[in-house]
Protein chains: 2
Amino acid sequence: MTITITAFERSPDGGKGLARDTRVRWALEEVGQPYEVRLVSFRAMKEPAHLALHPFGQIPTYEEGDLGLFETGAIVFHIAERHAGLLPEDANARARAITWMFAALNTVEPPILELGNARILESDKPWSNERLPLVEDRVRNRLKQLSARLGDAEWLDGAFSAGDLMMVSVLLRLKSSGILNEFPNLAAYVARGEARPAYKRAFDAQAAINTGKPPTG
Amino acid sequence: MTITITAFERSPDGGKGLARDTRVRWALEEVGQPYEVRLVSFRAMKEPAHLALHPFGQIPTYEEGDLGLFETGAIVFHIAERHAGLLPEDANARARAITWMFAALNTVEPPILELGNARILESDKPWSNERLPLVEDRVRNRLKQLSARLGDAEWLDGAFSAGDLMMVSVLLRLKSSGILNEFPNLAAYVARGEARPAYKRAFDAQAAINTGKPPTG
């Protein structure tokens, strides 16, 4: 059955790979599953046809036969559960890899989303300059803990897993802020993720759409 | 094997059930699994012994034999995967229930966490009054979409699932803000969750610790 995902017709990041379809593309590339992409405009995302698939009017979505899913974490998990390569076979190791997926999305990403709101949605507000360091420190607190846990390890818990895919994807959002570089082991961890051939293919595929540059892979 | 979870020695909410151990207790009650609780002080949460179990120094954690997990979403999913009662058997319905778990944690909860930060951590800041409506509107945008999807249904997708458990738990955090009542179908949905005997047992168990009141169940 063909897998079809949705992506922005024109990504707000201009092809930097920060839109969430990149996470799903990366997962599909890691497990070697081909997929098709349906591009959606900002306007179409808020229309009934897309809302039936994604109640929050966002991308990506995932369609395969009569299954329709939304929410990046759930889509990546679905892919990881059905194809070898993203979750360990050992039951306890598998549960720990899934833990890192949730930790990326519910513990590490929320302060990063808040920082994004502060930098983008509230940049013109009178409190912007005074408030920003406060929000940045919330991100730093999490990264400090994550950095301490990662230490000198290559990945968060043994071999590369869907947990690392998600954590690297979340941390990538910090690149432009400079905060990531305050934690050299996390910056190196993210670079290891970006160096994976599957990530490169995913990145190139979304960049080709958003910049008009053909994939180099 | 005995299941042991951790909870606050003294919850910051004074026993209102908003600390995340309530979500794990609720899941364990839904599937009928007994569990033990180890209480952790704020100080002990930041010490090496607890950080080895929970790298972000929070509660709850989950221990069962040689498995140690942190992160509420992952723990609830682990429970739901191993015991009947929280995930449908049909593969597609199961994937959709998992989708709602992730949607609760990564799409609906982040703006609610941001509102919590605005109301608690930034209440004394000069921008507090002017900024609060802005943050509230971010929450409203999500609730509007969720309310439209839920409609008149009892639960988000067929029978009660771990997705509902997580969504109700996330929405419960809004109760004191008054925003939840702007969406009568969501308020009724949350009330249905709270009315479940398993939720009541979970709530009473955490309240007994935090208020000294013995469980009524």
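Quick caveat: nothing in here was measured; it's all calculated off a predicted structure.

**Q** So, the packing of helix H4 (residues 72-82) of chain B against helix H5 (residues 91-121) of chain B: which residues are in play, and what are the values?
**A** Residues and elements named next belong to chain B. Two numbers describe how H4 lies on H5: the axes approach to 11 Å, and their chain directions differ by 160°. By the angle class used here, H4 and H5 are roughly antiparallel. Once H4 is placed against H5, the crossing between them reads as right-handed. For the pair H4 and H5, contact is made by Gly-73, Val-76, Phe-77 and Glu-81 and by Arg-94, Ile-98, Met-101 and Leu-105, respectively. The residue makeup of the contact of H4 with H5, split by class, is five nonpolar, one polar and two charged.

**Q** Break down the pattern of salt bridges for me, with residues and values.
**A** Per the counting criterion, the structure on display carries 40 salt bridges over all chains. Put simply, Arg-131 of chain B and Glu-122 of chain A hold a salt bridge, and the shortest N to O gap is 2.7 Å. In this pair, Arg-131 of chain B sits in helix H6 (residues 128-150) while Glu-122 of chain A sits in the loop between helix H5 (91-121) and helix H6 (128-150), so the two residues belong to two different chains. Owing to a relative accessible area of 1%, Arg-131 of chain B belongs among the buried residues under this scheme. The class for Glu-122 of chain A is buried, based on a relative accessible area of 1%. Residue Arg-140 of chain B is joined to Glu-182 of chain B by a salt bridge in which the shortest nitrogen-to-oxygen separation is 2.7 Å. Taken as a pair, Arg-140 of chain B in helix H6 and Glu-182 of chain B in the loop between helix H7 (162-172) and helix H8 (184-194) lie far apart in primary sequence, 42 residues in all. You can call Arg-140 of chain B partly exposed: its relative accessible area is 22%. Via salt bridges that share partners, Glu-114, Glu-122, Arg-131 and Arg-138 of chain A together with Glu-114, Glu-122, Arg-131 and Arg-138 of chain B belong to a single interconnected network.

**Q** Account for the interface of chain B and chain A, naming residues and giving values.
**A** Every contact between the two is made by 54 residues of chain B and, on the other side, 53 residues of chain A. In total, chain B and chain A occlude about 4,500 Å² of area from one another, counting both sides; carbon and sulfur atoms represent 58% of this. Ranking the residues of chain B by area buried against chain A places Phe-56, Phe-102 and Asn-106 of chain B at the top, with a combined share of 17%. Counting every contact that joins chain B to chain A gives six salt bridges. One salt bridge in this structure joins Glu-122 of chain B and Arg-138 of chain A, with 2.6 Å as the shortest N-O distance. Between the two partners, chain B and chain A, sit 22 residue pairs in polar contact (both at pLDDT 80 or more). For the side of chain B that touches chain A, the elements supplying multiple residues, two or more each, are helix H3 (48-53), strand E4 (67-70), H4, H5 and H6 of chain B. Among the elements that line the side of chain B that touches chain A, the one with the most residues is H5 of chain B, at 21 residues.

Thresholds applied
Residues numbered from 1 in each chain as written. Chains lettered and ligands numbered in written order. Predicted model: local features only at pLDDT ≥ 70, side-chain atom pairs only at ≥ 80, totals over all residues. Heavy atoms only, no water. Axes fitted to C-alpha atoms, helices over the stretch in contact; angles between N-to-C directions. Helix = DSSP H or I, 4+ residues; strand = E, 2+ residues; numbered from the N terminus. Parallel < 35°, antiparallel > 145°, perpendicular 65-115°, else oblique. Left-handed = near helix turned anticlockwise from the far one by under 90°. Contact = heavy atoms within 4.5 Å. Nonpolar A, V, L, I, M, F, W, Y, C, P; charged D, E, K, R; others polar. Salt bridge = Lys/Arg side-chain N within 4 Å of Asp/Glu carboxyl O. Buried < 20%, exposed > 50% of the residue type's maximum accessible area, 1.4 Å probe, protein only. Buried area = accessible area lost by both parts, 1.4 Å probe. Polar contact = N/O pair within 3.5 Å; in protein donor to acceptor, adjacent residues only side chain to side chain.

Purely geometric stuff here, so don't read any function into it on its own.
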